[in-house]
Amino acid sequence: MLRNSPPDSADIGALERKATRLRRHMLTMARGQGQGYIGQGLGIADMLAALYFHELRYDPHSPAWSDRDRFLLSTGHYSIALWAALAEAGIIPVEELITYGADNSRLEMSTLDTTPGVEVIGGSLGHGLGQGVGQALGLRVDRSDARVFVELSDGEMQEGSTWEAAMSASHFRLDGLVALVDCNGIQADGPVVLDMEPVADKWRAFGWQTSEIDGNDMRMMVGALADARNRNGKPKAIVLRTLPGKGVPRIETSEKSHFFRIDVAQWDGIIAEFEKTMGAAQ
Amino acid sequence: MSGAATEAGRTLAMGQDEAVGGGRRSVEAPFGKALARLGQSRPDIVGLTADLGKYTDILPFRDAFPDRFFNVGMAEQNLVAVAAGLARTGKVPFATTYGVFATRRAYDFVAIALAHSNLDVKIVAGLPGLTTGYGGTHQAIEDLALMRMIPGLTIIDPCDATEIEAATEAIAEHGGPVYMRLLRGSVPVVFEPGYIFEIGKARCLRQGSDVGIISTGFMTERALDAADALDKQGISAGVLHVPTIKPFDAGAVAEFAAGFNHIVTAENHVVVGGLASLVVETLFDAGIAKKVTRIGLPDRYIECGAVPTLQAKYGLTTDAIVATIAALN
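Once a new chain begins, its residue numbering starts again from 1 and follows that chain's sequence as written. All chains are assigned letters beginning with A, and all ligands numbers beginning with 1, in the order in which they are written. It should be noted that, the model being predicted, local features are given only for residues of pLDDT at least 70 and side-chain atom pairs only at 80 or more, the latter also being counted only at that level, while totals for whole chains, interfaces and linings use all residues. Only hydrogens and water are set aside when side-chain values are computed; all heavy atoms of the structure are taken into account.

Taking an unreviewed UniProt entry as the reference, chain B is identified by name as Transketolase belonging to Rhizobium loti. UniProt positions are given in the numbering used here, feature names are shortened, and annotations may be inferred rather than shown by experiment. Note on chain B: under the UniProt heading Cofactor (unreviewed entry), the record states "thiamine diphosphate". UniProt lists a comment for chain B under the heading Sequence similarities (unreviewed entry), and it reads "Belongs to the transketolase family."

An unreviewed UniProt entry annotates chain A as Transketolase of Rhizobium loti. Comment text from UniProt for chain A, heading Sequence similarities (unreviewed entry), reads "Belongs to the transketolase family." The UniProt entry for chain A carries this comment under Cofactor (unreviewed entry): "thiamine diphosphate".

K.L.:
Sorry if this is basic, but what is going on with the overall build of chain B here?
P.N.:
Where helices and strands are cited, they refer to DSSP runs of H or I of at least four residues and of E of at least two residues respectively, numbered from the N terminus. Within chain B, the secondary structure is distributed over 12 helices and 14 strands. What the globule rule says is 2.2 Å times the number of residues to the power 0.38, and the radius of gyration is computed from C-alpha atoms. Taken against the 2.2 N^0.38 rule, which gives 20 Å for 329 residues, the C-alpha radius of gyration of chain B at 19 Å falls within 12% of a compact globule. With the principal axes as the frame, chain B shows a C-alpha extent of 60 × 45 × 40 Å. The buried share among the 329 residues of chain B stands at 63%. It only takes one pair of heavy atoms within 4.5 Å for two residues to be counted as in contact. For chain B, long-range pairs separated by at least 24 residues make up 79% of all intrachain contacts whose partners lie at least 6 apart in sequence. Note on areas: Shrake-Rupley, 1.4 Å probe, and residue coverage restricted to the protein chains presented here. Approximately 11,600 Å² of chain B is accessible, and the part contributed by carbon and sulfur atoms is 52%. A positive count includes Lys and Arg, and a negative count includes Asp and Glu. His and the chain ends are not counted in either. Charge positions are represented by NZ for Lys, CZ for Arg, CG for Asp and CD for Glu. Measuring between centres, the 28 positive side-chain charges of chain B sit 2 Å from its 35 negative side-chain charges. Throughout this description, buried means an accessible area under 20% of the type-specific maximum (1.4 Å probe, protein chains only), exposed means over 50%, and partly exposed covers the range between.

K.L.:
Help me understand the pattern of salt bridges, please; the structure alone is not making it clear to me.
P.N.:
As a working rule, side chains carrying opposite charge can pair if their charged atoms are close by. Here, a salt bridge means any Lys or Arg side-chain nitrogen found within 4 Å of an Asp or Glu carboxyl oxygen. Using the criterion set out here, one finds 33 salt bridges over all chains in the structure. For Asp44 of chain B, the salt bridge is made with Arg42 of chain B, and the minimal N-O distance between the two is 2.9 Å. By relative accessible area, Arg42 of chain B is classed as buried at 14%. Each of the salt bridges in this network shares a partner with another, and the network as a whole consists of Lys18, Arg21 and Glu88 of chain A.

K.L.:
In this structure, what is going on with the sheet that holds strand S4 (residues 92-98) of chain B? I would like to understand it.
P.N.:
Backbone hydrogen bonds are what pair the strands of a sheet, in a parallel or an antiparallel way. All names here are of chain B. Overall, mixed pairing links the 7 strands, which are arranged S3-S2-S4-S5-S7-S6-S12 in an open sheet. Only two strands of the sheet have a single neighbouring strand rather than two, namely strand S3 (69-71) and strand S12 (244-246). With strand direction ignored, the average angle separating the axes of adjacent strands in the sheet is 20°. A pair of strands is treated as paired once DSSP finds two or more bridges between them. Pairing between strand S6 (residues 154-156) and S12: 2 bridges, direction antiparallel. What sits directly across from Ile156, in S12, is Thr244. Where helices are involved, their axes are fitted lines through C-alpha atoms of the stretch in contact, as for all axes, and angles between N-to-C directions lie from 0 to 180°.

K.L.:
I'm lost on the side chain of Arg70 of chain A in this one. Help?
P.N.:
Relative to the helices and strands, Arg70 of chain A is located in strand S2 (residues 70-73). Here Arg70 of chain A sits buried without a salt bridge, and the closest side chain of opposite charge, Glu119 of chain A, lies 4.6 Å off (N-O distance). The contacts of Arg70 of chain A, once residues within four sequence positions are left out, are Glu119, Gln135, Leu139, Ala146, Arg147, Val148 and Phe149 of chain A together with Arg88 and Thr89 of chain B.

K.L.:
How should I be thinking about the domain arrangement of chain B in this particular structure?
P.N.:
Where the parts come together, the accessible area they lose is often given as the size of the interface. Residue and element names in this part refer to chain B. Segment limits for the domains were obtained from an automatic or database-derived domain assignment. Assigned domains of chain B: these are domain 1 (24-186) and domain 2 (201-325). The gap between the C-alpha centroids of domain 1 and domain 2 is 25 Å. Contacts between domain 1 and domain 2 engage 30 residues on the former and 33 residues on the latter. What counts as buried area is the accessible surface, traced by a 1.4 Å probe, that two parts surrender upon association, with contributions from both included. Taken together, both faces of the contact between domain 1 and domain 2 bury some 2,400 Å²; the carbon and sulfur share is 57%. Looking at the side of domain 1 facing domain 2, the largest losses of area belong to Leu130, Ile141 and Arg148, adding up to 32% of the total buried there. Asp225 is the partner of Arg24 in a salt bridge, and the nearest nitrogen-oxygen pair spans 2.8 Å. Think of a polar contact as two N or O atoms within 3.5 Å of one another; within protein, one of them needs to be a possible hydrogen donor and the other a possible acceptor, and neighboring residues in sequence only count if both atoms come from side chains. The interface formed by domain 1 and domain 2 holds 21 residue pairs in polar contact (both at pLDDT 80 or more) in total. Of all the secondary structure elements, the ones that give two or more residues to the side of domain 1 that touches domain 2 are helix H6 (143-148) and S6. With 4 residues, H6 is the largest single contributor of residues to the side of domain 1 that touches domain 2. Of the residues in the side of domain 1 that touches domain 2, the class split is 14 nonpolar, 9 polar and 7 charged. Ten residues, namely Ala, Val, Leu, Ile, Met, Phe, Trp, Tyr, Cys and Pro, are considered nonpolar, four, namely Asp, Glu, Lys and Arg, are considered charged, and the remaining ones, Gly among them, are considered polar.

K.L.:
Just to check I follow, could you spell out the sheet that holds S2 of chain A for this structure?
P.N.:
Residues and elements named next belong to chain A. Spatially, S2-S3-S4-S8-S7 is the arrangement adopted by the 5 strands of the open sheet, whose pairing is parallel. If you trace the sheet from one side to the other, it starts and ends with S2 and strand S7 (209-214), each paired once. Strand-to-strand twist of the sheet, defined as the mean angle between neighbouring strand axes without regard to direction, takes the value 20°. In this structure, S2 lies alongside strand S3 (residues 148-153), joined through 4 bridges in parallel fashion.

K.L.:
Even after reading the chapter, I still don't get the side chain of His77 of chain A, so can you show me in this structure?
P.N.:
Inspection of the secondary structure puts His77 of chain A in the loop between S2 and helix H4 (79-88). Residues in contact with His77 of chain A, not counting those within four places in the same chain, are Tyr37, Gln40, Met109, Ser110 and Leu125 of chain A.

K.L.:
What is the right way to read the interface of chain B and chain A from this model?
P.N.:
Counting residues at the interface gives 23 residues for chain B, matched by 25 residues for chain A. Of the roughly 1,900 Å² buried between chain B and chain A on both sides combined, carbon and sulfur atoms contribute 60%. Considering only the side of chain B, the residues that lose the most area to chain A are Asn78, Arg88 and Thr89 of chain B, jointly responsible for 26% of the buried surface there. The tally of links from chain B across to chain A stands at 2 salt bridges. Across the pair Arg88 of chain B and Asp113 of chain A runs a salt bridge whose closest N-O atoms are separated by 2.8 Å.

K.L.:
I keep staring at helix H5 (residues 128-141) of chain A and nothing clicks. Help me out?
P.N.:
Quick reminder: α-helices carry 3.6 residues per turn. Residues three or four places apart thus point the same way. Residues and elements named next belong to chain A. Take the number of residues in a helix, subtract one, and multiply by 1.5 Å to get its expected span. The end-to-end C-alpha separation of H5 is 20 Å, in line with the 20 Å expected for 14 residues at 1.5 Å each. Along H5, 12 of the 14 residues are buried, which leaves the element largely enclosed by surrounding structure. When we look at burial in H5, the residues that qualify are Gly128, Leu129, Gly130, Gln131, Gly132, Val133, Gly134, Gln135, Ala136, Leu137, Gly138 and Leu139. Residue Arg143 follows H5 closely and has a positive phi angle near 55°.

K.L.:
Would you take a moment to explain the nonpolar core for this structure?
P.N.:
One broad rule of soluble globular proteins: the nonpolar side chains tend to lie buried together. Only buried Ala, Val, Leu, Ile, Met, Phe, Trp, Tyr and Cys residues count toward a nonpolar core, and they belong to the same one when joined by side-chain atoms within 4.5 Å. One finds Trp203 and Trp208 of chain A together with Leu48 and Ile214 of chain B to be the most contacted residues of the largest nonpolar core, which totals 79 residues. At 8 residues, helix H3 (residues 76-88) of chain B tops the list of elements feeding residues into this core. Counting contributing residues, this core receives three or more from each of domain 1 (24-186) and domain 2 (201-325) of chain B. For Trp203 of chain A, the residues in contact, after removing those within four places along its chain, are Leu129, Leu152, Met157, Thr162, Trp163, Ala166, Ala179, Val181, Trp208, Thr210, Ala237 and Val239 of chain A. In terms of nonpolar packing, the next biggest core, distinct from the first, is built from 60 residues, Ile38, Leu42, Ala81 and Val248 of chain A among them.

K.L.:
Just checking my understanding: could you explain the pairing of strand S13 (residues 262-270) of chain B for this structure?
P.N.:
All names here are of chain B. Most of S13 sits out of view: 9 of its 9 residues are buried. With 5 bridges connecting them, strand S10 (residues 211-215) and S13 associate as parallel partners. Looking at S13, one finds that Val211 is bridged to His262. Running through helix H10 (residues 275-285), the crossover from S13 to the neighbouring parallel element strand S14 (residues 291-297) is right-handed. Crossovers are described as right-handed under a simple rule: with the strands pointing away from the observer, the path leading from the first strand over the helix to the second runs clockwise.

K.L.:
Help me understand unusual backbone geometry in this model?
P.N.:
Negative phi values dominate among residues other than glycine, just as trans dominates among peptide bonds. Going from Glu197 of chain A to Pro198 of chain A, the amide bond is cis rather than trans, its omega being -5°. Inspection of the secondary structure assignment puts Pro198 of chain A in the loop between strand S6 (190-191) and helix H7 (199-205). Cis rather than trans, the peptide bond between Lys246 of chain B and Pro247 of chain B has omega equal to 0°. Considering the arrangement of structural elements, one finds Pro247 of chain B in the loop between S12 and helix H9 (250-257). Positive phi, normally seen in glycine, also occurs at Arg143 of chain A, with a value near 55°.

Set out below in structure tokens:
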């Protein structure tokens, strides 16, 4: 499988159903572990569905294929979302998801690169974009047309290395590099500790072709990716306004949505709420 | 880049020839020339620097392979991150900057982006220890100690131009992350072309009976000169050169040390956490109890000044080694 569908004929409804499946996997994993960065994971489900089932070029039977498009999850603690996407994409078994966060599981609560489909050790924040720049340069040396997508977060923009990488990407005119900036408004100490606005202006000022969308609107997501694909000469930044806990009102409105820890009975309640809200879509 | 004769009492300007010599023949930019030669047969080798290409001898590689050379500007975290990304696409990056920046400034990136994934990246670090008069901002006096703590990182501290060339070839073949200290500019030739460098191997360069000097980096040149001078005083000194700090050749060190009552370590580094610490740990582990005298920089920041003045003040000279050893007896 080289690309999941022709790039300009996205089936928005099908991608939304995929996003729902990713969310359902995440809730099952979080229930099993009792905790997790579920808020952020649910927030980027639409982005991952658009990437893995529409935009990225990859071969699930050969995750290390040298001409694959790369997806780097810089916020390694969002791993719960990546595992869901890799399972739905056929790169890891769906049955393995129940081991999330358990001892000896390779589905860590923060990604290491020892699991197929993981391109980078995320989690020490500010690492992903620079490594994406290096991969884009390496692909250019090889004259490969494979592209590099790097997810990073609004809180992560506070790490200075993010801007070192941003400067170099525009200097090297890496038009195959796409930054997916997840602006969910939360970080470890609560609502964004340092005001990062205006986010899109910052990326523009650093020489990036920048768009800003509702990251939970599949049609906008697919459109922004297509726009990034069709423009040359600059790296691209897509600023995604996402809602932490998207799809589960009880998490969307929780003040604890940065890291969510509740008991199994409460998880059952949350899953029931999710099925009532989102399940109708599938 | 080469140049102006070193004047005692004068701080050298950035880029002036700071390599140290004692009337020996020297080679200009041995690292950069070796890397440019390697690049001919190794299309996977790429070069990087962080606004210090001129001062880390990598320009011969840039000139030969402009499409495989990337200057990321003053951004050492990004230097290491970009090198990691390149390695993940099958390249073998050689990234240069000064030792202080590669270590203190980019430590998390070296540890997590490179070493944790065992990526095939070589960090080549200028101004090791006391080879610049720019003071604590530029003197990488504790880099070996810092880098030792990173699992899986190979650490090389070459002595001379011959060893730099040989080590550049060896680390290109190594297949994992390496930190190599760089003597730049006009680098003395201590070892003749037949000298064999192997990662992880120490070499006994001189037999002796009274005192055993274990040295690394350019201190081996001074240790050999000191041994000659001591010989004239009737003191027989052996010299073991340990150019690889990690993995450390514990077997060779223990075997060498067993032959002496007194061991002297000599390093261009603080005496905390570097060669001296490794030797003491090695002897302790081997159950060998010997007196050990440590020659190296004190546990403090070094001031600005002329390199020869500072090296003399802090005991990194042949004369200082001779005086220290003569005083032991």
